[in-house]
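Understanding the architecture of this molecule
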Amino acid sequence: MPSLKRIGPALLAAIVLVGLAPSTAQAYANAFFPTQSSGNRGADVQAIQYLLQHHGQSVGADGIFGASTVTAAKAFQTAKGLGSDGIVGPQTWGALVPTIRSGDNNAAVKALQVELNAKRRLSLPVDGVFSTAVRDAVVSFQSHAGIGADGIVGPITWRNLAWHYDYPDFNANLCDQDPDGNGTAANWAASAAVAQLEQAARNFAGTGQGKVPYGDAGFEHGGDIPGHGSHENGLDIDIWPIRTDNGQCTAGRITWQSTTYDRAATRQLVQAIRAAAPGHVMFIWFNDPTLINEGLTAEWPAHDNHLHIRYCEAVHPNSTYDC
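Residues numbered from 1 in each chain as written. Predicted model: local features only at pLDDT ≥ 70, side-chain atom pairs only at ≥ 80, totals over all residues. Heavy atoms only, no water.

Should the sulfur atoms of two cysteines be covalently bonded, the bond is a disulfide. Within the structure shown, the criterion is met by two disulfides. Here Cys175 connects covalently by a disulfide to Cys249, the sulfurs 1.9 Å from one another. Judged by the sign of its S-S torsion, about -80 degrees, the cystine formed by Cys175 and Cys249 is left-handed. Of this pair, Cys175 sits in strand E1 (residues 174-176) while Cys249 is found in the loop between strand E3 (236-239) and helix H9 (263-276), placing the two residues 74 residues apart along the sequence. Here Cys312 is linked by a disulfide to Cys323, with a sulfur-sulfur distance of 2.1 Å. For the disulfide bridge between Cys312 and Cys323, the dihedral angle about the S-S bond is near 105 degrees, and by the sign convention the bridge is right-handed. In this pair, Cys312 sits in the segment after strand E5 (307-311) while Cys323 sits in the segment after E5, placing the two residues 11 residues apart along the sequence. Note on Cys323: relative accessible area 47%, which makes it partly exposed. Here the bonded cysteines of the protein are numbered in sequence order, and their pairing is 1-2, 3-4. (Disulfide = S-S within 2.5 Å. Helix = DSSP H or I, 4+ residues; strand = E, 2+ residues; numbered from the N terminus. Buried < 20%, exposed > 50% of the residue type's maximum accessible area, 1.4 Å probe, protein only.)

Laid out in structure tokens, this is it:
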């Protein structure tokens, strides 16, 4: 399967050895603005909402691509002479992103702060002020990405930042699991995928059936990942089935044939995953025949003991991930 960025064997070995994502990276030759549309969630959606505000559109910035965001995106596209479909792809992103720098104070800076917080695991205030701290964060990201580190955020910086993967919040009823020995380096995924699974996990918390075990997703900049045939494009995340003792985060991974497998709870989890990302779940591979017959999961070899979620976008450079 094609990858957004291939990680060399030596660097990959170092990542696996220390269990950490690399601190530096070359410029992302294949970086692109991720297409976001109705049903998506996350930092990229919230950044789009702030950018729409910057261009005079009336829309909240809640990180959920709902009806009001579709309406605002269509209005912006019409004003710019773009195809008015309410889908924010590379062309609409390109029209949305302004060049911003130290001293600016506007909603576009809020979009930048949201992206930096998500993609660089920071805690910048989302106040719209391009402060010294924001400039330092920009320079750090530009160095990390291998692009010109001048502290000015233009189209290249925006594109690389929007493309960069996100890291999950394990306070969102998730627990970190490492079944394939890839460590925390393998927890990164596209912003929408991370946010959509976080929301599903939060919703599942309301059932009182424990946390959702988060397995491998991908490396910080994509690329080959040991033990997986995919997980290279930021839209694949593995999770584990739920146990009858709710000990899926502490008592070990099970299969759907296990006596401690809780089908009813796993069904609720799958339903929560689909509800949190309407139109953006391509499939969930998991070999429980009952859930397969119900149309909730699909069969795939070696998926008896985990659920492989593949999220998708309206348009993706790799057509495997087109919804």
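What follows continues from the structure just given.
Turning our attention to the side chain of Asn160. Tracing the backbone shows Asn160 in helix H7 (residues 155-163). If sequence neighbours within four positions are ignored, Asn160 has contacts with Tyr28, Ala31, Phe141 and Ile147. (Contact = heavy atoms within 4.5 Å.)

This structure, assessed with the given rule, holds seven salt bridges. We note a salt bridge from Asp245 to Arg243, for which the minimum N-O separation is 2.9 Å. We classify Asp245 as partly exposed; its relative accessible area is 43%. Arg267 is paired through a salt bridge with Glu294; the nearest N and O atoms lie 2.9 Å apart. A residue pair is termed long-range when its members are at least 10 positions apart, and Arg267 in helix H9 and Glu294 in the loop between helix H10 (289-293) and E5 qualify at 27 residues. Residue classification places Arg267 among the partly exposed positions, given a relative accessible area of 22%. Salt bridges sharing common partners tie together Asp44, Glu115 and Lys119. (Salt bridge = Lys/Arg side-chain N within 4 Å of Asp/Glu carboxyl O.)

According to UniProt, the positions carrying the feature "domain: Peptidoglycan binding-like" (unreviewed entry) are residues 41-96 and 106-159. When the span residues 41-96 is considered, its composition is 57% helix and 0% strand, and the gap between its end C-alpha atoms is 18 Å. As a span, residues 106-159 carries 61% helix and 0% strand, and end to end its C-alpha atoms are 19 Å apart. (UniProt positions renumbered as here; feature names shortened; annotations may be inferred.)

Following the criterion strictly, the structure yields one cavity of 30 Å³ or more and no others. Considering only enclosed or pocket space, the largest cavity measures out at about 120 Å³ in volume. For the largest cavity, the lining is made up of 16 residues, of which Phe32, Pro34, Ala190, Leu235 and His316 are closest to its centre. Mapped by element, the contributors of at least two residues to the lining of the largest cavity are H7 and helix H8 (191-205). (1 Å grid on protein atoms, 1.4 Å probe; cavity = no way out; pocket = protein on both sides within 12 Å on 5 of 7 lines; lining within 4 Å. Points joined across faces, edges and corners; volume = space filled by probe spheres on them.)

It is worth spelling out the layout of surface pockets at this point. Considering only enclosed or pocket space, the largest pocket measures out at about 460 Å³ in volume. Taken together, 22 residues form the lining of the largest pocket, with Ala43, Ala118, Asp166, Ala195 and Glu198 sitting closest to its centre. Those elements giving two or more residues to the lining of the largest pocket turn out to be helix H2 (43-54), helix H5 (107-120) and H8. The element contributing the most residues to the lining of the largest pocket is H8, with six residues.

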